[in-house]
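Here's the letter readout for the chains.
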Amino acid sequence: MSGQALRLGVNIDHVATVRNARGGAYPDPLRAARIAEAAGADGITAHLREDRRHISDADIEGLMEVLTVPLNFEMAATDEMQAIALRHKPHAVCIVPEKREERTTEGGLEVAREENKLAHFIAPLRDAGCRVSIFIAADKRQIEAAHRIGAEVIELHTGAYCDAHAEGHFDARDAELARLTEMATFGHSLGLEVHAGHGLTYDTVQPVAALPEVRELNIGHFLIGESIFLGLDPAIREMRRLMDEARA
Ligand code: PXP
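This one's a predicted model, so the numbers in the text were calculated from it and none came from an experiment.

Caption draft 1: Spotlight on the overall build of the protein. Within the protein, the secondary structure is distributed over 11 helices and 8 strands. Computed over its C-alpha atoms, the radius of gyration of the protein comes to 17 Å, within 12% of the 18 Å expected for a compact globule of 248 residues. Residue burial in the protein is summarised as follows: out of 248 residues, 54% are buried. If you take every contact in the protein between residues at least 6 apart in sequence, the share linking residues at least 24 apart comes to 66%. Carbon and sulfur atoms provide 51% of the accessible area of the protein, an area that totals close to 11,100 Å². Placing the 27 positive and 40 negative side-chain charges of the protein at their respective mean positions leaves the two points 2 Å apart.

Listed below in C-alpha coordinates is the structure:
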(Lines give C-alpha, C1' and ligand atoms only; values in the text may rest on other atoms or scores of the structure.)
Protein backbone atom coordinates (compact mmCIF):
# COMPACT_ATOMS: atom_id res chain seq x y z
CA MET A 1 0.00 0.00 0.00
CA SER A 2 2.93 2.36 0.57
CA GLY A 3 3.18 2.81 -3.21
CA GLN A 4 -0.27 4.37 -3.48
CA ALA A 5 -0.36 7.91 -4.76
CA LEU A 6 -1.15 10.79 -2.46
CA ARG A 7 -3.51 13.32 -4.02
CA LEU A 8 -3.40 17.04 -3.39
CA GLY A 9 -6.67 18.92 -3.25
CA VAL A 10 -6.15 22.67 -3.39
CA ASN A 11 -8.74 24.68 -1.51
CA ILE A 12 -9.35 28.02 -3.24
CA ASP A 13 -11.77 29.55 -0.69
CA HIS A 14 -9.41 32.31 0.33
CA VAL A 15 -8.95 33.60 -3.19
CA ALA A 16 -12.66 34.36 -2.90
CA THR A 17 -12.07 35.87 0.56
CA VAL A 18 -9.70 38.42 -0.98
CA ARG A 19 -12.08 39.08 -3.88
CA ASN A 20 -14.99 39.63 -1.52
CA ALA A 21 -13.00 42.08 0.61
CA ARG A 22 -13.51 44.59 -2.22
CA GLY A 23 -16.55 43.18 -4.01
CA GLY A 24 -16.23 42.79 -7.77
CA ALA A 25 -14.60 39.92 -9.59
CA TYR A 26 -10.85 40.12 -8.77
CA PRO A 27 -9.02 37.90 -7.94
CA ASP A 28 -10.99 35.17 -9.69
CA PRO A 29 -11.11 31.79 -7.89
CA LEU A 30 -11.61 30.04 -11.25
CA ARG A 31 -8.32 31.44 -12.49
CA ALA A 32 -6.70 30.15 -9.30
CA ALA A 33 -8.25 26.73 -9.92
CA ARG A 34 -6.81 26.58 -13.43
CA ILE A 35 -3.36 27.53 -12.15
CA ALA A 36 -3.67 24.91 -9.41
CA GLU A 37 -4.54 22.24 -11.99
CA ALA A 38 -1.50 23.17 -14.07
CA ALA A 39 0.71 23.12 -10.96
CA GLY A 40 -0.25 19.55 -10.12
CA ALA A 41 -3.40 19.71 -8.01
CA ASP A 42 -5.35 16.46 -8.31
CA GLY A 43 -8.55 18.16 -7.26
CA ILE A 44 -10.03 21.51 -6.30
CA THR A 45 -11.84 22.00 -3.03
CA ALA A 46 -14.33 24.79 -2.37
CA HIS A 47 -16.58 25.38 0.63
CA LEU A 48 -19.90 27.09 -0.04
CA ARG A 49 -20.72 28.52 3.36
CA GLU A 50 -24.22 29.37 4.42
CA ASP A 51 -23.28 33.05 4.72
CA ARG A 52 -21.37 32.96 1.37
CA ARG A 53 -18.45 34.69 3.06
CA HIS A 54 -16.02 33.49 0.38
CA ILE A 55 -17.11 31.04 -2.34
CA SER A 56 -20.36 32.01 -4.10
CA ASP A 57 -23.01 29.96 -5.87
CA ALA A 58 -21.70 31.33 -9.18
CA ASP A 59 -18.18 30.12 -8.28
CA ILE A 60 -19.50 26.58 -7.82
CA GLU A 61 -21.30 26.76 -11.15
CA GLY A 62 -18.14 28.05 -12.83
CA LEU A 63 -15.95 25.37 -11.24
CA MET A 64 -18.32 22.63 -12.40
CA GLU A 65 -18.04 24.02 -15.95
CA VAL A 66 -14.30 24.61 -16.25
CA LEU A 67 -12.53 22.07 -14.06
CA THR A 68 -10.72 19.16 -15.63
CA VAL A 69 -9.93 17.67 -12.19
CA PRO A 70 -12.59 16.59 -9.67
CA LEU A 71 -14.36 19.15 -7.49
CA ASN A 72 -14.58 18.39 -3.79
CA PHE A 73 -17.59 20.42 -2.64
CA GLU A 74 -17.47 21.20 1.07
CA MET A 75 -20.81 21.86 2.67
CA ALA A 76 -22.74 21.86 5.91
CA ALA A 77 -25.46 19.24 6.42
CA THR A 78 -28.36 21.53 5.52
CA ASP A 79 -31.27 21.11 3.11
CA GLU A 80 -30.11 24.11 1.08
CA MET A 81 -26.62 22.69 0.56
CA GLN A 82 -27.97 19.22 -0.19
CA ALA A 83 -30.18 20.68 -2.96
CA ILE A 84 -27.20 22.55 -4.46
CA ALA A 85 -25.03 19.42 -4.37
CA LEU A 86 -27.77 17.34 -5.99
CA ARG A 87 -28.12 19.94 -8.75
CA HIS A 88 -24.40 19.95 -9.58
CA LYS A 89 -23.44 16.39 -8.64
CA PRO A 90 -19.76 17.14 -7.93
CA HIS A 91 -17.28 14.28 -7.82
CA ALA A 92 -17.11 14.49 -4.03
CA VAL A 93 -18.91 16.20 -1.20
CA CYS A 94 -17.29 16.69 2.16
CA ILE A 95 -19.66 17.30 5.05
CA VAL A 96 -18.18 19.84 7.45
CA PRO A 97 -19.50 21.51 10.61
CA GLU A 98 -20.50 25.15 10.40
CA LYS A 99 -22.29 25.81 13.66
CA ARG A 100 -20.69 25.40 17.06
CA GLU A 101 -23.14 22.70 18.09
CA GLU A 102 -22.22 20.57 15.05
CA ARG A 103 -18.56 20.28 15.95
CA THR A 104 -16.57 18.22 18.41
CA THR A 105 -14.07 19.92 20.70
CA GLU A 106 -11.32 19.10 18.19
CA GLY A 107 -13.26 20.83 15.42
CA GLY A 108 -14.56 17.91 13.35
CA LEU A 109 -18.18 17.06 12.70
CA GLU A 110 -20.12 15.50 15.60
CA VAL A 111 -21.22 12.34 13.77
CA ALA A 112 -21.67 9.99 16.71
CA ARG A 113 -24.52 12.03 18.24
CA GLU A 114 -26.23 12.69 14.88
CA GLU A 115 -25.96 9.30 13.26
CA ASN A 116 -29.53 8.84 12.07
CA LYS A 117 -29.87 12.36 10.78
CA LEU A 118 -26.58 12.21 8.89
CA ALA A 119 -27.28 8.74 7.48
CA HIS A 120 -30.49 10.10 5.94
CA PHE A 121 -28.74 13.24 4.82
CA ILE A 122 -25.95 11.56 2.87
CA ALA A 123 -28.03 8.77 1.28
CA PRO A 124 -29.35 10.89 -1.64
CA LEU A 125 -25.88 12.30 -2.24
CA ARG A 126 -24.47 8.81 -2.54
CA ASP A 127 -27.37 7.78 -4.77
CA ALA A 128 -26.54 10.74 -7.03
CA GLY A 129 -23.01 9.35 -7.47
CA CYS A 130 -21.10 11.77 -5.20
CA ARG A 131 -18.32 10.34 -3.03
CA VAL A 132 -19.30 11.34 0.48
CA SER A 133 -16.56 12.36 2.85
CA ILE A 134 -17.01 13.34 6.49
CA PHE A 135 -14.63 15.81 8.15
CA ILE A 136 -13.96 14.47 11.63
CA ALA A 137 -11.47 14.51 14.46
CA ALA A 138 -9.07 11.56 14.67
CA ASP A 139 -11.37 9.90 17.17
CA LYS A 140 -12.43 6.26 17.15
CA ARG A 141 -16.06 7.00 18.07
CA GLN A 142 -16.45 9.46 15.22
CA ILE A 143 -14.73 7.17 12.72
CA GLU A 144 -16.96 4.23 13.66
CA ALA A 145 -20.02 6.44 13.34
CA ALA A 146 -18.90 7.75 9.92
CA HIS A 147 -18.51 4.14 8.81
CA ARG A 148 -21.95 3.15 10.11
CA ILE A 149 -23.74 5.99 8.32
CA GLY A 150 -22.32 4.81 4.98
CA ALA A 151 -19.62 7.40 4.25
CA GLU A 152 -16.97 6.19 1.81
CA VAL A 153 -14.34 8.66 2.92
CA ILE A 154 -13.24 10.29 6.18
CA GLU A 155 -11.13 13.42 6.27
CA LEU A 156 -9.13 13.58 9.48
CA HIS A 157 -8.82 17.05 11.01
CA THR A 158 -5.14 18.01 11.28
CA GLY A 159 -5.81 21.35 12.99
CA ALA A 160 -4.77 20.30 16.52
CA TYR A 161 -1.52 18.81 15.20
CA CYS A 162 -0.71 21.97 13.20
CA ASP A 163 -1.66 24.33 16.03
CA ALA A 164 0.57 22.45 18.50
CA HIS A 165 3.45 22.73 16.04
CA ALA A 166 2.87 26.46 15.46
CA GLU A 167 2.77 27.09 19.21
CA GLY A 168 5.99 25.15 19.80
CA HIS A 169 4.25 22.49 21.89
CA PHE A 170 6.20 19.65 20.35
CA ASP A 171 5.15 16.93 22.81
CA ALA A 172 1.51 17.76 22.12
CA ARG A 173 2.23 17.88 18.39
CA ASP A 174 3.83 14.43 18.47
CA ALA A 175 0.90 13.07 20.49
CA GLU A 176 -1.51 14.47 17.87
CA LEU A 177 0.53 12.92 15.09
CA ALA A 178 0.48 9.56 16.89
CA ARG A 179 -3.30 9.86 17.15
CA LEU A 180 -3.62 10.70 13.45
CA THR A 181 -1.38 7.75 12.61
CA GLU A 182 -3.38 5.30 14.71
CA MET A 183 -6.74 6.58 13.47
CA ALA A 184 -5.69 6.59 9.80
CA THR A 185 -4.86 2.90 10.22
CA PHE A 186 -8.13 2.27 12.04
CA GLY A 187 -10.24 4.07 9.42
CA HIS A 188 -8.51 2.19 6.63
CA SER A 189 -9.10 -1.12 8.42
CA LEU A 190 -12.85 -0.40 8.28
CA GLY A 191 -12.62 0.05 4.51
CA LEU A 192 -12.83 3.84 4.59
CA GLU A 193 -10.68 5.98 2.30
CA VAL A 194 -8.70 8.32 4.53
CA HIS A 195 -8.01 11.97 3.71
CA ALA A 196 -6.53 14.66 5.95
CA GLY A 197 -6.39 18.41 6.13
CA HIS A 198 -6.71 21.73 7.91
CA GLY A 199 -3.86 24.06 8.77
CA LEU A 200 -1.16 22.14 6.89
CA THR A 201 1.99 24.07 5.93
CA TYR A 202 5.40 23.26 4.45
CA ASP A 203 6.58 22.60 8.02
CA THR A 204 3.80 20.21 8.99
CA VAL A 205 2.83 18.41 5.78
CA GLN A 206 5.49 15.73 5.56
CA PRO A 207 4.71 13.55 8.60
CA VAL A 208 1.04 13.44 7.50
CA ALA A 209 1.96 12.83 3.85
CA ALA A 210 4.09 9.90 4.97
CA LEU A 211 1.12 8.04 6.50
CA PRO A 212 0.53 5.24 3.99
CA GLU A 213 -3.24 5.04 4.59
CA VAL A 214 -3.77 8.72 3.79
CA ARG A 215 -4.78 9.09 0.14
CA GLU A 216 -5.50 12.81 -0.14
CA LEU A 217 -4.55 16.06 1.56
CA ASN A 218 -6.72 19.16 1.26
CA ILE A 219 -4.76 22.36 1.72
CA GLY A 220 -5.90 25.95 1.29
CA HIS A 221 -5.10 28.83 3.61
CA PHE A 222 -1.34 28.36 3.74
CA LEU A 223 -1.05 27.93 -0.04
CA ILE A 224 -3.05 31.05 -0.81
CA GLY A 225 -1.04 32.97 1.80
CA GLU A 226 2.26 31.68 0.43
CA SER A 227 1.21 32.60 -3.09
CA ILE A 228 1.44 36.28 -2.04
CA PHE A 229 5.18 35.76 -1.69
CA LEU A 230 5.94 33.04 -4.24
CA GLY A 231 3.07 33.08 -6.69
CA LEU A 232 0.39 30.38 -6.68
CA ASP A 233 2.04 27.99 -9.13
CA PRO A 234 5.41 27.76 -7.29
CA ALA A 235 3.66 27.63 -3.90
CA ILE A 236 1.64 24.58 -5.01
CA ARG A 237 4.61 22.93 -6.73
CA GLU A 238 6.66 23.17 -3.54
CA MET A 239 3.84 21.57 -1.52
CA ARG A 240 3.57 18.81 -4.12
CA ARG A 241 7.34 18.27 -3.97
CA LEU A 242 7.31 17.98 -0.17
CA MET A 243 4.40 15.53 -0.30
CA ASP A 244 6.13 13.39 -2.92
CA GLU A 245 9.39 13.45 -0.97
CA ALA A 246 7.64 12.33 2.22
CA ARG A 247 5.77 9.62 0.35
CA ALA A 248 8.95 8.25 -1.22
N1 PXP B 1 -10.28 20.16 4.85
C2 PXP B 1 -11.47 20.65 5.23
C3 PXP B 1 -12.58 19.71 5.43
C4 PXP B 1 -11.67 22.04 5.39
O5 PXP B 1 -12.87 22.50 5.74
C6 PXP B 1 -10.59 22.91 5.11
C7 PXP B 1 -10.77 24.37 5.21
O8 PXP B 1 -11.00 24.75 6.49
C9 PXP B 1 -9.38 22.35 4.73
C10 PXP B 1 -9.24 20.97 4.61
C11 PXP B 1 -8.20 23.20 4.41
O12 PXP B 1 -7.74 23.85 5.54
P13 PXP B 1 -6.69 25.01 5.37
O14 PXP B 1 -7.36 26.11 4.61
O15 PXP B 1 -6.36 25.38 6.77
O16 PXP B 1 -5.51 24.45 4.62
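Caption draft 2: Broad picture of the UniProt feature "site: Transition state stabilizer" (unreviewed entry) in the protein. In the numbering used here, UniProt assigns the "site: Transition state stabilizer" (unreviewed entry) feature to E155. Tracing the chain through its elements places E155 in strand β6 (residues 153-157). Leaving out residues up to four positions away in the same chain, E155 has contacts with C94, S133, I134, F135, I136, H195, A196, G197 and N218.

Caption draft 3: Expanded view of the pattern of salt bridges. What the rule picks out here adds up to 19 salt bridges. In this structure, R7 engages E193 in a salt bridge whose closest nitrogen and oxygen atoms are separated by 2.6 Å. With R7 in strand β1 (residues 7-11) and E193 in strand β7 (residues 193-197), this pair connects stretches of sequence that are 186 residues apart. Across the pair R52 and D57 runs a salt bridge whose closest N-O atoms are separated by 2.6 Å. Judged by its relative accessible area of 22%, R52 falls in the partly exposed class. Where salt bridges share partners, they join R7, R131, E152, E193 and E216 into one cluster.

Reading guide: rules and limits
- Residues numbered from 1 in each chain as written.
- Predicted model: local features only at pLDDT ≥ 70, side-chain atom pairs only at ≥ 80, totals over all residues.
- Heavy atoms only, no water.
- Helix = DSSP H or I, 4+ residues; strand = E, 2+ residues; numbered from the N terminus.
- Rg over C-alpha atoms; globule rule 2.2 N^0.38 Å.
- Buried < 20%, exposed > 50% of the residue type's maximum accessible area, 1.4 Å probe, protein only.
- Contact = heavy atoms within 4.5 Å.
- Areas by Shrake-Rupley, 256 points an atom, 1.4 Å probe, with all protein chains shown as cover.
- Lys, Arg positive; Asp, Glu negative; His and termini not counted.
- Charge placed at Lys NZ, Arg CZ, Asp CG, Glu CD.
- UniProt positions renumbered as here; feature names shortened; annotations may be inferred.
- Salt bridge = Lys/Arg side-chain N within 4 Å of Asp/Glu carboxyl O.

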